[in-house]
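# A structural walkthrough
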Amino acid sequence: MVQVKSLINCKVYVSFKPLRVANALTIVNDRVFYVGDAEKAAGIAKSLGGEVIDLSGSIVMPGFIDSHMHLDSLGLNLNTLDLRGAKSIEEVKERLRKFITEASATEWIVGRGWDQELFAEGRWLSRWDIDEVTRDKPVLLIRVCGHVGVVNSKAVEVIKRHLGVSLKPPYFDVNEKGELTGIVRELGLEEVLKLVTYGDGQLLKFLEDAVNHALRYGVTTVGLAGCSPEVLDALQVLKSLGKLRIRVRAYLNRDLLPYLRSLGIRCGFGDPRLKVLGIKVFTDGSLGARTALLSKPYADDPSTSGIATISEAELIKVVKEASEAGLQLAIHAIGDRAIDMVLKAYSEVGGYVRSLRHRIEHASVIRSDQVVKASELGVAIALQPHFVISDWWVIDRVGTERAPWVYPFKSIIDAGLMSGFSTDAPVEPINPWETVYAAVTRGAYEGVKLYEFSNGEVLDVVTALHYYTYGSAQLLHSEGEVGTLETGRYADLIVVDRDPLEVNPKELRDIQVLGTMVGGEFTYTSRELSTSLASR
Ligand code: ZN
């Protein structure tokens with residue numbers, strides 16, 4: 001059976017660079033068959049017995065491609081109770097009660113973000129507070145700092161069973177009667193976290209939740225920057241159940257390189273829905289924790305320049321082995337010293353860099369000589385423009401002298417580097433419009449200090465959309481399949497409520513996705529679009 005759909009009465013952005021616009025689009029099965037004018041599109045649908053969908057003036061564009069994110073962590077995040085801003089212990093209990101009844105079927109209930117400084121009661125949480133909500137399931141609620149948590153009596157039982165002795169201060173608080181209060185600190189919290197389980201089938205649920213969440217925001221393909229055997233397995237199960245409704249391109253964790261080599265799995269193994277592209281490697285940490293590796297000490301802590309999480313020799317070995325095995329590399333490097341290490345390793349494997357499209361992830365602090373070198377080598381870069389707003393303190397870390405090296409998106413793009421956009425979700429929100437807004441405004445409206453020193457690095461909307469579609473597709477070796485709506489590409493598209501090229505920059509983050517289509521099937525429709533589709 002041939003499935004034919006024509007979308008009419010809409011403005012179709014076929015591609016952003018070059019900017020190509022049409023009035024209608026016809027999909028046959030899972031691919032774009034025709035882009036052009038409405039009369040012809042409607043004619044094709046009618047002659048082939050297909051349907052004509054009137055989009056009443058909406059905007060259609062290629063689906064967003066998030067080239068670096070974490071589906072499993074996003075799913076876990078969506079299944080974690082958010083306690084940020086809770087004003088009282090009562091409010092914590094209320095949110096927990098609601099979460100248990102509405103959201104979570106997991107074995108353990110985990111929440112994050114409470115802060116006793118905000119509590120009207122003026123005291124800390126205890127196990128007995130949480131017991132009032134549930135004694136059946138173990139509960140762990142982590143404080144906003146991530147270093148302290150509180151557990152209920154059921155969790156105390158589990159902890160006692162597994163840890164036995166040593167449940168005492170300073171890692172486990174006790175009251176004057178010598179009873180555990182439920183507050184766990186530092187190493188104590190780390191031990192409790194090891195005991196947290198979510199139960200059989202939870203990973204599948206997490207991944208499915210994350211997929212649906214991404215689709216709701218118009219993301220149609222994702223690059224998994226790090227993937228364990230468990231996640232790869234679950235993705236395949238999800239696919240066999242027909243629930244992998246998004247395209248996934250996976251970079252497996254570094255420790256899996258020997259297995260890929262011995263199996264002979266190369267970049268592109270899989271099918272159009274799920275492919276393995278290569279390996280994810282870390283070379284340093286983060287700017288927030290001052291563990292990103294810089295060539296000179298941190299401006300706000302001269303005692304450190306960050307840390308290398310891999311030696312130079314080891315990195316070169318991994319790069320050579322992966323390249324010779326035909327696997328793409330996605331290497332996390334945030335500080336300029338870490339980028340030096342990666343560029344050195346990449347220069348050892350010559351033409352593989354360009355043919356396999358070896359990537360640098362983040363490249364947050366990158367000097368202009370490195371931009372030139374990366375461009376000469378043919379290195380691809382995965383950018384996360386929303387970091388500009390989240391890392392509002394970045395000038396404190398690096399000082400004003402190094403400000404021009406921080407997130408220089410326009411310089412990177414102008415140097416001709418293959419680049420793609422991404423969110424690192426759940427680190428940043430998956431909503432692509434937040435990222436487009438950040439790339440275009442660069443924190444100007446949030447009073448971000450970096451803006452003053454690098455406002456020449458703002459991007460225009462067309463450029464941002466190009467790198468979030470075609471650019472990301474290139475990073476993922478997928479531009480022949482997705483990234484534009486040209487004839488022959490997969491019909492991975494979104495319908496949005498206003499024209500991103502017409503709105504003022506502030507309004508970009510308010511753009512709503514009305515519908516998301518992957519391979520010619522709607523995988524998300526807003527209530528508004530569902531109603532108009534049903535009333536045809
Ligand atoms: Zn990441």
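See the structure printed just above.
The structure reproduced in this document is the subject of the present report. (Residues numbered from 1 in each chain as written. Predicted model: local features only at pLDDT ≥ 70, side-chain atom pairs only at ≥ 80, totals over all residues. Heavy atoms only, no water.)

This part takes up the sheet that holds strand β8 (residues 109-114). The 6 strands lie next to each other as β7-β8-β9-β10-β12-β11, forming an open sheet whose pairing is mixed. Two strands lie at the open edges of the sheet, namely β7 (81-82) and β11 (172-174), each paired on one side alone. In the sheet, strand β9 (residues 139-143) pairs with strand β10 (residues 148-151) via 3 bridges, with the strands oriented antiparallel. For Leu141, the partnering residue across the bridge sits in β10 and is Val150. In the packing of helix α5 (residues 153-163) onto the sheet, the strands contacted are β9, β10, β11 and β12 (180-185), and the crossing angle to β10 comes to about 105°. (Pairing = 2+ DSSP bridges. Helix = DSSP H or I, 4+ residues; strand = E, 2+ residues; numbered from the N terminus. Contact = heavy atoms within 4.5 Å. Axes fitted to C-alpha atoms, helices over the stretch in contact; angles between N-to-C directions.)

Attention now moves to the coordination of the zinc ion. Geometry sets the ideal angles at a metal, namely 109.5 degrees for four tetrahedral donors and 90 or 180 degrees for six octahedral donors. Within the protein, the zinc ion binds to His68 (NE2), His70 (NE2) and Asp424 (OD); these donor distances fall in the range 2.0 to 2.2 Å. Positions of the donor residues of the zinc ion along the chain correspond to the pattern H-x1-H-x353-D. Placement of the pair is His68 in strand β6 (residues 64-69) and Asp424 in the loop between β20 (418-421) and α17 (432-441), with a sequence separation of 356 residues. The exposure class assigned to Asp424 is buried, which follows from its relative accessible area of 8%. (Donors = N, O, S within 2.8 Å, 3.2 Å for Na, K, Ca; no water. Buried < 20%, exposed > 50% of the residue type's maximum accessible area, 1.4 Å probe, protein only.)

Another point: unusual backbone geometry. Of the consecutive residues Lys17 and Pro18, the connecting peptide bond is found in the cis state with omega at 0°. With respect to the helices and strands, the residue Pro18 is situated in the loop between β1 (4-16) and β2 (19-22). Residues Pro169 and Pro170 are joined by a peptide bond in cis, for which omega reads 5°. Relative to the helices and strands, Pro170 is located in the loop between α5 and β11. One non-glycine residue with positive phi stands out, namely Asn9, at about 55°. Its location among the elements puts Asn9 in strand β1. Using a relative accessible area of 39% as the deciding quantity, one classes Asn9 as partly exposed. One non-glycine residue, Asp424, lies in positive phi territory at about 60°.

Now for the nonpolar core. Counting residues in each nonpolar core, the largest one holds 112 residues, and the members touching the most others are Leu71, Leu224 and Tyr346. Top element by residues in this core is helix α11 (residues 336-347). It accounts for 7 residues. Once you skip the residues sitting within four places of it in the chain, Leu71 turns out to touch Leu207, Ala210, Val211, Val222, Leu224, Leu235 and Val248. Listed in part, the 20 residues of the second largest apolar core include Val14, Ile27, Val35 and Ile53. (Core = buried A, V, L, I, M, F, W, Y, C linked by side-chain atoms within 4.5 Å.)

Turning our attention to the packing of aromatic side chains. Enumeration over the complete set of coordinates arrives at 8 aromatic pairs. Between Phe387 and Tyr407, the ring centres sit 6.2 Å apart and the planes meet at 55°, which makes this aromatic pair tilted. Linking Phe387 in helix α14 (residues 387-390) with Tyr407 in the loop between α15 (394-398) and α16 (409-414), this pair joins segments that are 20 residues apart in sequence. With respect to class, Phe387 is no different from Tyr407; both count as buried. Judged by centre distance (5.6 Å) and plane angle (70°), the ring pair of Phe421 and Tyr468 falls under edge-to-face. Taken together, the residues span a long stretch of sequence, with Phe421 in strand β20 and Tyr468 in helix α19 (residues 461-475) at a distance of 47 residues. Judged by relative accessible area, Phe421 falls into the buried class, the value being 0%. Looking at Tyr468, the relative accessible area reads 0%, which means it is buried. Members of the aromatic cluster, joined through ring pairs, are Phe64, Phe421, Trp433 and Tyr468. The ring centre of Trp393 lies 4.7 Å from the NZ or CZ of Arg397, which sits over that ring. (Phe/Tyr/Trp six-rings, centres within 6.5 Å; stacked < 30°, edge-to-face > 60°. Lys NZ or Arg CZ within 6 Å of the ring centre and 35° of its normal.)

With that settled, the discussion passes to the pattern of salt bridges. Inspection of the entire model under this criterion finds 38 salt bridges. Among the ionic pairs, Glu94 bridges to Arg97, the shortest N-O distance being 2.9 Å. Within this pair, Glu94 and its partner Arg97 are both found in helix α3 (residues 89-102), separated by 3 residues, close to a single helical turn. Glu94 sits in the partly exposed class, given a relative accessible area of 44%. We note a salt bridge from Arg185 to Asp173, for which the minimum N-O separation is 2.9 Å. On the criterion of sequence distance, the pair formed by Arg185 in strand β12 and Asp173 in strand β11 is long-range, its members being 12 residues apart. Under the relative-accessibility criterion, Arg185 is labelled partly exposed at 26%. Residues joined by salt bridges that share partners form a network here, namely Asp336, Asp340, Arg367 and Asp369. (Salt bridge = Lys/Arg side-chain N within 4 Å of Asp/Glu carboxyl O.)

Looking now at empty space enclosed by the protein. Taken as a whole, this structure holds 1 cavity of 30 Å³ or more when the rule is applied. Every residue lining the largest cavity is listed: Val151, Val156, Ile159, Leu167, Phe172, Leu180, Gly182, Ile183 and Val184. Going through the elements one at a time, α5 and β12 are the ones with two or more residues in the lining of the largest cavity. Among the elements that make up the lining of the largest cavity, the one with the highest residue count is β12 (4 residues). Tallied by class, residues from the lining of the largest cavity come to 8 nonpolar, 1 polar and no charged. (1 Å grid on protein atoms, 1.4 Å probe; cavity = no way out; pocket = protein on both sides within 12 Å on 5 of 7 lines; lining within 4 Å. Points joined across faces, edges and corners; volume = space filled by probe spheres on them. Nonpolar A, V, L, I, M, F, W, Y, C, P; charged D, E, K, R; others polar.)

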